[in-house]
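Next come the chains, spelled out residue by residue.
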Amino acid sequence: MAGVIGLLLFVMFFVDHNPLYIIAGLAVIVYLPIERYIQAGKQVTLNPVFKETLHYTLDDEMMAIDVLDEHMEAKWDQVVKVRSTKKSLILYTNRVTATIFPKESLGKDYERAVELIKKGVPQDRVKIR
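Calculation notes
Along each chain, numbering runs from 1 in the same order as the chain's sequence is written. pLDDT decides what is reported in this predicted model: residues at 70 or higher carry local features, side-chain atom pairs at 80 or more are listed and counted, and totals for whole chains, interfaces and linings draw on all residues regardless. Neither water nor hydrogens contribute to the side-chain values; these are computed over all heavy atoms in the structure. Paired strands, in this sense, are two strands between which DSSP finds at least two bridges. Put simply, DSSP H or I for four residues or longer makes a helix, DSSP E for two residues or longer makes a strand, and each gets a number counted from the N terminus. In what follows, salt bridge is the name for a side-chain nitrogen of Lys or Arg lying within 4 Å of a carboxyl oxygen of Asp or Glu. Only protein chains enter the calculation, and the probe is 1.4 Å; a residue is then buried if its accessible area is under 20% of its type maximum, exposed if over 50%, and partly exposed in between. Structural elements are reduced to axes, namely lines fitted to C-alpha atoms, with helices fitted over the stretch in contact, and the angle between N-to-C directions of any two is expressed from 0 to 180 degrees. Residue contacts are counted whenever heavy atoms from the two residues lie within 4.5 Å of one another. Expected span of a helix, by definition, is 1.5 Å for each gap between consecutive residues, and there is one gap fewer than residues. What the bend at a residue measures is the angle between two axes, fitted to the seven residues ending there and to the seven starting there. Working definition of a nonpolar core: buried Ala, Val, Leu, Ile, Met, Phe, Trp, Tyr and Cys residues. They are joined through side-chain atoms within 4.5 Å.

Draft legend 1. Quick look at the pairing of strand β3 (residues 70-75). Where strand β2 (residues 62-67) lies against β3, 6 bridges are found, and the strand directions are antiparallel. Looking at the pairing, alanine 64 lines up with glutamate 73 of β3.

Draft legend 2. A look at the pattern of salt bridges. Inspection of every chain in the model, using the stated rule, returns 2 salt bridges. Across the pair aspartate 60 and lysine 119 runs a salt bridge whose closest N-O atoms are separated by 3.2 Å. Taken together, the positions of aspartate 60 in the loop between β1 (55-58) and β2 and lysine 119 in helix α4 (residues 110-120) put the pair 59 residues apart, joining distant regions of the chain. The exposure class assigned to aspartate 60 is partly exposed, which follows from its relative accessible area of 46%. Exposure remark for lysine 119: the relative accessible area of 61% places this residue in the exposed category.

Draft legend 3. Structural view of the sheet that holds β3. Taken in spatial order, the 3 strands line up as β1-β2-β3 in an open sheet, and their pairing is antiparallel. One side of each edge strand has no neighbouring strand; the edge strands of this open sheet are β1 and β3. This sheet shows a mean twist of 15 degrees between the axes of neighbouring strands, independent of strand direction. Here 4 bridges tie β1 to β2, and the two strands are oriented antiparallel to one another. Bridging across to β2, histidine 55 finds its partner in aspartate 66.

Draft legend 4. Seen up close, the sheet that holds strand β4 (residues 81-84). As summarised here, the arrangement of the 4 strands in space is β6-β5-β4-β7, forming an open sheet in which the pairing is mixed. Edge positions in the open sheet fall to β6 (98-102) and β7 (126-127), since each of these has one partner strand only. Across 5 bridges, the pairing between strand β5 (residues 88-92) and β6 is antiparallel. Bridging from a neighbouring strand, leucine 89 pairs with phenylalanine 101 of β6. Along the sheet, α4 contacts β4, β5 and β7; its crossing angle with β5, the most-contacted strand, is approximately 25 degrees.

Draft legend 5. Layout of helix α2 (residues 19-46). Its 28 residues give α2 an end-to-end C-alpha distance of 39 Å, which sits within 8% of 40 Å, the value for a rise of 1.5 Å per residue. Along α2, the largest kink reaches about 40 degrees and is centred on alanine 27.

Draft legend 6. Representation of the environment of alanine 113. Relative to the elements of secondary structure, alanine 113 occurs in helix α4. The exposure class of alanine 113 is buried, given its relative accessible area of 4%. Along the backbone, alanine 113 and phenylalanine 101 are 12 residues apart, and their C-alpha atoms lie at a distance of 9.7 Å.

Draft legend 7. Broad picture of the nonpolar core. Among the nonpolar cores identified, the biggest contains 16 residues, and Trp76, Val82, Leu89, Leu91, Ile117, Val121 and Ile128 are the most heavily contacted of them. For this core, the secondary-structure elements that each account for two or more residues are β5 and α4. In contact with isoleucine 117, other than residues within four places in its own chain, are Trp76, Val82, Leu89, Leu91 and Ile128.

Given below as structure tokens:
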């Protein structure tokens, strides 16, 4: 999405010849992704949860995550969107919170996880390639 906005800002420069469009386009395409990457790195180093092993449990009713002494669970009807990428399976429990399962980590359990997700999450919320 940011790439599209950046390109639109470049197009606006050629229409209006205002150099602010070039500056804004560069900020959207170059600066913002770098800034987000740096912020994510800081979050990983500062949050002790990211240094511990997470334990996931998927069953017919829900997904559960245990780390340190914390427990989080989400019933399948609470999952608002499921997407897959080449390397990951992503389950969103709201607009900004997601659980990411690297396919490599799931290994032989990948097909079973997909089966449980498709069974529990409403079909219109699931897009798995």
